[in-house]
Amino acid sequence: MQSTFRPEDGHHKRRNGKFSSKRAVLLRKAVLFSFVLSSVFSAQSFGEERVYGISSYGPVSVNGYGVGRGKDPSYEYIEDLLYNTNSSNTQKSTNSVNNSTNSGANAAPNGSGKTAAPLRNLAQLSRNGATKTLSTEVDAKYAVVFDLDNGSILGEKNSGETMTPASMTKVMTLLLCVENLSNPEKKLTITQDIVNYVQQRGASNCGFVVGEEVPVKDLFYGVILPSGADAVLALTKEVAGSESAFVEKMNQRARELGLSSQCHFQNATGLYHASHHMTVKDMGQIMAIAMQNPLAREVLMKEQYQTSPTNKHGNGLKFTNLFLQRIKTQDTGGATVQMAKTGYVSQSKFCAVSSGRGKNGKNLLIVTGGSASTWQAVKDQAALYKRFGA
């Protein structure tokens, strides 16, 4: 028989009140548990991205849209924090570089420490009758294999399409820094704003701390081996006074090198931005130029590097180019991979640019983008060395 609850029935009122109280407690516990559980999964996801970043795959995305003013209104350039400049002015000055006329020059002008361009502009190369179309041989969405000996494309996959370069960007950053900083022993100071900026954006870093005085040469290695945004920001301030001013230099250099109209830099670290992009052929040309600069080449070839002792790290720090380590475990068909830089943001997936010598004696330069994982990027590159260098 169904029980009838009457307001005047004191006994039922007490039981109902007790039941409601228990239900409220259970509900609160359930909400709390749900919040904790979601926080744990959130932390795990963020932690995974940080692991990818620290393991030499460059700055990572810390939200669904990546990091960048393009789709993240909270994005600020480093100088917004360091020098209190106006964000809109920074955006405007950078866009003015993008909108200016592309000179189309095939070589960098002489003088001012700039590295000469190769005889053939890799960014402007087209397929020839011998060029292979790559398909399922690699997971990467974009790929290009250059024969540096005769300046030709041996294989390609979407090589003329626009892609996000992520931390491969730092090859251009390194090139400009070594060209513009003549004293590698000069010490630069890591500021609180640099550390905050890196931490807030989940960017990969060298592990330098506030107040640390680091030689310029160690910062060069920090840009490439651990893909350190902290090293990048310290150097860009020294070279140009601000990140946005440095980016103008990057875009000017891109025009001097005759890169495609699809190449445009929005920052010096490779953090995602809707207007930060290029083709894999552009990336190949940048790498080819960097390889001709003795110091940049030395940095790109280094598998492990120990920094000098500093006022904050008495034993220095150890950097590792994990790509150069990992590709040694793969079947490259006897090719020797000599130098590399990787990249990762969620929009680009896993990218790599490398150069090496095939077993057949060919000097190869390979760029891939859009691989599904860290190791897949390594495997994709190894497969291309094996196919074209055996």
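My aim in this report is to walk through the structure given alongside it, one point at a time. It should be emphasised that the depicted structure is a prediction, and the values quoted were computed from it without experimental measurement.

### Some words on the sheet that holds strand S2 (residues 142–147)
Logical step 1: Spatially, S1-S3-S2-S10-S9-S8 is the arrangement adopted by the six strands of the open sheet, whose pairing is mixed. Across the chains shown, the open sheet's two edge strands, defined by having one partner strand only, are strand S1 (132–133) and strand S8 (336–345).
Logical step 2: Both strand S9 (residues 349–357) and strand S10 (residues 363–371) contribute to a ladder of seven bridges, which runs antiparallel. Residue pairing across strands places Gly356 opposite Leu364, the latter belonging to S10.

### So, unusual backbone geometry
Logical step 1: Although it is not a glycine, Asn158 sits at a positive phi angle of roughly 55°.
Logical step 2: When you line up the elements, Asn158 lands in the loop between strand S3 (152–157) and helix H4 (170–180).
Logical step 3: Owing to a relative accessible area of 29%, Asn158 belongs among the partly exposed residues under this scheme.
Logical step 4: Non-glycine residue Ser227 carries a positive phi angle of around 55°.
Logical step 5: By the secondary structure assignment, Ser227 is in the loop between helix H6 (216–224) and helix H7 (229–240).

### A closer look at the pairing of S2
Look at any regular strand and the pattern is simple: side chains alternate between the two faces of the sheet.
Logical step 1: The buried fraction of S2 amounts to six of the six residues, a majority that puts the element mostly inside the structure.
Logical step 2: Pairing geometry for S2 and S10, over six bridges, is antiparallel. Across the sheet, residue Val145 finds its bridge partner in S10, namely Ile366.
Logical step 3: As defined by bridge partners, S2 adjoins S3 across five bridges and the pair is classed as antiparallel. Paired with Val144 across the two strands is Glu156, which belongs to S3.

### Considering the packing of aromatic side chains
Logical step 1: Inspection of the entire model under this criterion finds three aromatic pairs.
Logical step 2: Between Tyr344 and Phe350 the ring centres are 4.3 Å apart and the planes differ by 25°, which places this aromatic pair in the stacked class.
Logical step 3: When its relative accessible area of 9% is taken as the criterion, Tyr344 is described as buried.

### Focus on helix H12 (residues 374–389)
Logical step 1: Taking 1.5 Å as the rise per residue, H12 with 16 residues should run 22 Å; its terminal C-alpha atoms sit 23 Å apart, in good agreement.
Logical step 2: When H12 is considered as a whole, its buried residues turn out to be Thr374, Ala377, Val378, Asp380, Gln381, Ala382, Leu384, Tyr385, Phe388 and Gly389.

### Focus: the nonpolar core
Logical step 1: Ranked by size, the top nonpolar core spans 71 residues in total, and within it Met172, Phe220, Leu235, Phe265 and Leu365 carry the most contacts.
Logical step 2: If one sorts the elements of this core by residue count, helix H9 (residues 280–292) sits on top with eight residues.
Logical step 3: For Phe220, the contacting residues outside a window of four places in its chain are Leu174, Cys177, Val178, Leu181, Leu235, Leu295 and Val299.
Logical step 4: Counting residues in each nonpolar core, the second largest holds 20 residues, with Val145, Ile327, Ala340 and Ala382 among its members.

Analysis parameters
Residues numbered from 1 in each chain as written. Predicted model: local features only at pLDDT ≥ 70, side-chain atom pairs only at ≥ 80, totals over all residues. Heavy atoms only, no water. Pairing = 2+ DSSP bridges. Helix = DSSP H or I, 4+ residues; strand = E, 2+ residues; numbered from the N terminus. Buried < 20%, exposed > 50% of the residue type's maximum accessible area, 1.4 Å probe, protein only. Phe/Tyr/Trp six-rings, centres within 6.5 Å; stacked < 30°, edge-to-face > 60°. Expected span 1.5 Å × (residues − 1). Core = buried A, V, L, I, M, F, W, Y, C linked by side-chain atoms within 4.5 Å. Contact = heavy atoms within 4.5 Å.

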